[in-house]
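Next come the chains, spelled out residue by residue.
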Amino acid sequence: MSTPTLAAPAVERLVAAAVAAPSLHNTQPWRFRLDTDTRTVRIDAAADRALRHTDPVGRAVHLSVGCAVLNLRVAAAHFGWEPVPRLLPCPDRPALLATVRLAEAVRGAPSTGLYEAVWRRHSSRFPFPGRPLPSHLVAELAEAAHLEGATLRFPGRKDTERVLRATREAEWRNRADADRAAESRRLVGSPHSQSLGLPSAAVGPQDALDRMPMRDFGAHRHPEVLPSRAFETRPTLALLSTAHDRRTDWLRADEALEQVLLLATRRGVRASLLHQAMEWPDLRRVLDGLPADGPRVYTQMVIRLGYGPEGPASPRRPVEEVVEADE
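So, here is what we can say about the structure in this document.

Cut-offs and rules
Residues numbered from 1 in each chain as written. Predicted model: local features only at pLDDT ≥ 70, side-chain atom pairs only at ≥ 80, totals over all residues. Heavy atoms only, no water. Axes fitted to C-alpha atoms, helices over the stretch in contact; angles between N-to-C directions. Helix = DSSP H or I, 4+ residues; strand = E, 2+ residues; numbered from the N terminus. Parallel < 35°, antiparallel > 145°, perpendicular 65-115°, else oblique. Left-handed = near helix turned anticlockwise from the far one by under 90°. Contact = heavy atoms within 4.5 Å. Nonpolar A, V, L, I, M, F, W, Y, C, P; charged D, E, K, R; others polar. Pairing = 2+ DSSP bridges. 1 Å grid on protein atoms, 1.4 Å probe; cavity = no way out; pocket = protein on both sides within 12 Å on 5 of 7 lines; lining within 4 Å. Points joined across faces, edges and corners; volume = space filled by probe spheres on them. Buried < 20%, exposed > 50% of the residue type's maximum accessible area, 1.4 Å probe, protein only. Expected span 1.5 Å × (residues − 1).

Following both chains from N to C, one finds helix 2 (residues 59-78) and helix 8 (residues 247-266) inclined at 50°, their axes separated by 7 Å at the closest point. Classified by the interaxial angle, the pair formed by helix 2 and helix 8 is oblique. The crossing of helix 2 and helix 8 is right-handed. Taking contact as the criterion, the partners of Arg59, His62, Leu63, Ser64, Val65, Gly66, Cys67, Val69, Leu70, Asn71, Arg73 and Val74 in helix 2 are, on helix 8, Arg247, Trp250, Leu251, Ala253, Asp254, Glu255, Leu257, Glu258, Gln259 and Leu262. For the contact of helix 2 with helix 8, the per-class residue count stands at 11 nonpolar, five polar and six charged.

Right, let's talk about unusual backbone geometry for a bit. Residue leucine 290 is joined to proline 291 through a cis peptide bond whose omega torsion reads -10°. Inspection of the secondary structure assignment puts proline 291 in the loop between helix 9 (281-288) and strand 10 (298-306). Here the phi dihedral of asparagine 26 falls at roughly 55°; this positive angle occurs in a residue that is not glycine. Tracing the chain through its elements places asparagine 26 in the loop between helix 1 (8-19) and strand 1 (30-35).

What follows is about the sheet that holds strand 2 (residues 40-45). Strands sit in the order 3-4-2-1-11 across an open sheet of five strands; the sheet is mixed. Since the sheet does not close on itself, it has two edges, and those belong to strand 3 (81-87) and strand 11 (323-324), each with one partner. Bridging between strand 3 and strand 4 (residues 96-104) involves seven bridges; their strand directions are antiparallel. Of the residues in strand 4, the one forming a bridge with leucine 87 is alanine 98. The sheet strands contacting helix 1 are strand 1, strand 4 and strand 11, and the helix crosses strand 1 at an angle near 155°.

Attention shifts here to empty space enclosed by the protein. Evaluated as defined, the whole model comprises four cavities of 30 Å³ or more. Taken as a whole, the largest cavity encloses approximately 110 Å³ of empty space. Lining of the largest cavity is provided by Arg120, Arg121, His122, Ser123, Leu261, Thr265, Val269, Arg270, Ala271, Ser272, Leu273 and Glu310. Looking at the lining of the largest cavity, the elements that each hand over two or more residues are helix 8 and strand 9 (270-273). At four residues, strand 9 tops the list of elements feeding residues into the lining of the largest cavity. Across the lining of the largest cavity, the residue classes tally to four nonpolar, four polar and four charged. Taken together, Thr54, Glu171, Asn174, Arg175, Arg180, Ala181, Ser184, Arg215, Asp216, Phe217, Gly218 and Glu279 make up the full set of residues lining the second largest cavity. At the level of secondary structure, the elements contributing two or more residues to the lining of the second largest cavity comprise helix 5 (157-176) and helix 6 (178-185). Tallied by class, the residues present in the lining of the second largest cavity amount to two nonpolar, four polar and six charged.

Burial analysis of strand 2 places five of its six residues in the buried class, which makes it a mostly covered element. Looking at chain direction, strand 1 and strand 2 are connected through six bridges and run antiparallel. In the strand pairing of strand 2, arginine 33 is matched with arginine 42. The hairpin turn running from strand 1 into strand 2, its antiparallel successor, is four residues long, and arginine 39 in that turn takes a positive phi close to 55°. Bridge count for strand 2 against strand 4 is five bridges, and the pairing is antiparallel. Across the sheet, valine 41 pairs through a bridge with valine 100, a residue of strand 4.

Its 20 residues place the ends of helix 5 29 Å apart at the C-alpha level, agreeing with the 28 Å of an ideal helix rising 1.5 Å per residue. Against the buried residues of helix 5 lie helix 6, strand 8 (236-242), helix 9 and strand 10.

Moving on, we come to the packing of helix 5 against helix 9. Between helix 5 and helix 9, the shortest axis-to-axis distance is 10 Å and the interhelical angle comes to 170°. As far as their axial angle goes, helix 9 and helix 5 are roughly antiparallel. Facing helix 5, whose interface residues are Val163, Ala166, Glu169, Ala170 and Arg173, helix 9 presents Asp282, Leu283 and Leu287. Taken together, the residues that form the contact of helix 5 with helix 9 break down as five nonpolar, no polar and three charged.

Spelled out as structure tokens, the structure:
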């Protein structure tokens, strides 16, 4: 097959796909730069998009960029390129988190079929009816994470309760922390930005029985803003983990996360991310130890999966705001 031309419209499509990735509070903490000589897209962390109270060490920024890298890989393959990613390629530039070189595609390479899911994937923070995922899909999602170097575990009933307790405790702490609550609140329904944060409708309701700890994004100061509904009594949760907890593992984990989310979207499954316990080291360690007789791992994300309403999409910054001119 012939190698596609790396013209401006092609670059725009690739970056638009990357920007469609999820990020904590939809902060979109990334910047892109194209090196035309080597046909390489560089992805830097955007320091001005970081949440210094909620994410003081920048782990969530790395996770967000990892999702963007996966989306860029999917889009590149869809348009006929062979994506060659490198994580943390330049030690003396810590903000440069990844590069993706666009090499000539292998003739006859199979399509993953995930490109369409890039545009349809978004979080659903609404109640699911409780219908379990079929076993073959559970295995398929776990294999998708494994191919990206991560592990996807589906805890049993007792461990699911432990996950919910840790997440609930984290949500209580976030509500009690004035700085974190204010940081979250600024990103919900803000009239100052039409392309960042979450529209109020995307926040979703709270669980009327206080079982499912959905993030309220600081809305507890005005509790009437969020309605209450009954959530599923037996949720399907998945723990995404890695064997180590280095910066490369954070990036790799979210490449795996996005692979799982896109595959779930393609299979008609909704998802939302329960990140609260990841924000408190002691509570994150609780999840690292599940199950008690399993190997030591580092939990990177809790994913809630199920069949239910799609939920509204969150805005994205236009491509011209996130692409910088090459030096």
